[in-house]
Amino acid sequence: MTISEIQEELIDEFSMFDDWQERYQYMIDLGKSLPLIDPKYKTEDNIITGCQSKVWVHAEMNGDKVEFTADSDAIITKGIIAILIRVFSNQHPKDIIEGNTDFIDEIGLKEHLSPTRANGLVSMIKKIKMYALAYQTQLK
């Protein structure tokens, strides 16, 4: 699936819920299915700065696609990174770099996060795009 198709799928899934309590619970459930980072990658190099919780993201190339794994010590944050990994993992670096994140506003996520979690979300997106940029330069 393309990044846009996955984003549309997430928008549809989140629209099934009537209130934000249900959406938070769904995010927590998504966090439980997160492809977990190998403990050896839970290092300072892979930690995302700007998050109030600890979030680790690791990326590696598999063919011409970037695969992400992650973990967090907080359940909501784990759900947020799970959503981003679902969208951007197993995609070509160029598509990740060019991929928009409008779906975050469409599902209403940003407006329901505390300011520190919203900053963490921006930091997670930056880290994912930085990995993609680094791998894109290797492909040239």
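For clarity, every value in this text was computed on a predicted model and none was experimentally measured. (Residues numbered from 1 in each chain as written. Predicted model: local features only at pLDDT ≥ 70, side-chain atom pairs only at ≥ 80, totals over all residues. Heavy atoms only, no water.)

1. Examining unusual backbone geometry
Worth spelling out the cut-off: Burial here depends on accessible area, computed with a 1.4 Å probe over protein chains only, as a share of the maximum for the residue type. Under 20% is buried, over 50% is exposed, and the range in between is partly exposed.
Positioned with a positive phi, Asn 90 is a non-glycine residue whose angle comes to about 65°. On the basis of relative accessible area, Asn 90 is assigned to the partly exposed category, the value being 43%.

2. Re the side chain of Arg 23
Put simply, the rule reads: Numbering of helices and strands runs from the N terminus, with a helix taken as a DSSP run of H or I at least four residues long and a strand as a DSSP run of E at least two residues long. Only four residue types enter the charge count, namely Lys and Arg as positive and Asp and Glu as negative; His and the chain termini do not. A carboxyl oxygen of Asp or Glu within 4 Å of a side-chain nitrogen of Lys or Arg is what we treat as a salt bridge.
For Arg 23, the position within the fold is in helix 2 (residues 20-32). Buried charge without a partner: Arg 23 forms no salt bridge, and the closest opposite charge is Glu 22, 6.9 Å away.

3. Quick look at a nonpolar patch on the surface
The cut-off we apply is this: Patch membership needs two things, relative accessible area over 30% and no salt bridge, and members are linked within 9 Å if like-charged or within 5 Å if nonpolar (Val, Leu, Ile, Met, Phe, Trp, Tyr). Only the protein chains shown count as covering a residue, and every accessible area follows the Shrake-Rupley method with a 1.4 Å probe.
A grouping of Ile 97, Met 130 and Leu 133 is seen on the molecular surface, where their side chains present a nonpolar patch of about 260 Å² in accessible area. Structurally, Leu 133 can be placed in helix 6 (residues 115-139).

4. Here we look at the environment of Lys 126
With respect to the helices, strands and loops of the structure, Lys 126 is situated in helix 6. A residue is classified by how much of its surface remains accessible, and Lys 126, at 55% relative accessible area, is exposed. Between the C-alpha atom of Lys 126 and that of Ile 76, which follows or precedes it by 50 residues, the distance is 19 Å.

5. Things to note about the nonpolar core
When a protein is soluble and globular, its nonpolar side chains tend to lie buried together. Worth spelling out the cut-off: We define the nonpolar core as a collection of buried residues of types Ala, Val, Leu, Ile, Met, Phe, Trp, Tyr and Cys that are connected through side-chain atoms lying within 4.5 Å of one another. Contact between two residues is taken to exist if any of their heavy atoms lie within 4.5 Å; hydrogens are not considered.
Membership of the largest hydrophobic core comes to 43 residues, with the highest contact counts inside it found for Phe 68, Ile 81 and Leu 84. When residues of this core are traced back to their parent elements, those giving at least two are helix 1 (3-15), helix 2, strand 1 (55-62), strand 2 (65-72), helix 3 (75-88), helix 5 (102-106) and helix 6. Broken down by element, the residue count for this core peaks at 9 residues, all from helix 3. Non-local contacts of Phe 68, meaning those with residues more than four positions away in its chain, are made with Pro 35, Val 57, His 58, Ala 59, Ile 85, Phe 88, Ser 89, Ile 96, Ile 128 and Tyr 131.

6. Details of the UniProt feature "domain: Fe-S metabolism associated" (unreviewed entry) in the protein chain
Quick reminder of the rule: UniProt positions are given in the numbering used here, feature names are shortened, and annotations may be inferred rather than shown by experiment.
Per the UniProt record, "domain: Fe-S metabolism associated" (unreviewed entry) is annotated on residues 12-130. Structurally, residues 12-130 comprises 49% helix and 13% strand, and the distance from its first C-alpha atom to its last is 28 Å.

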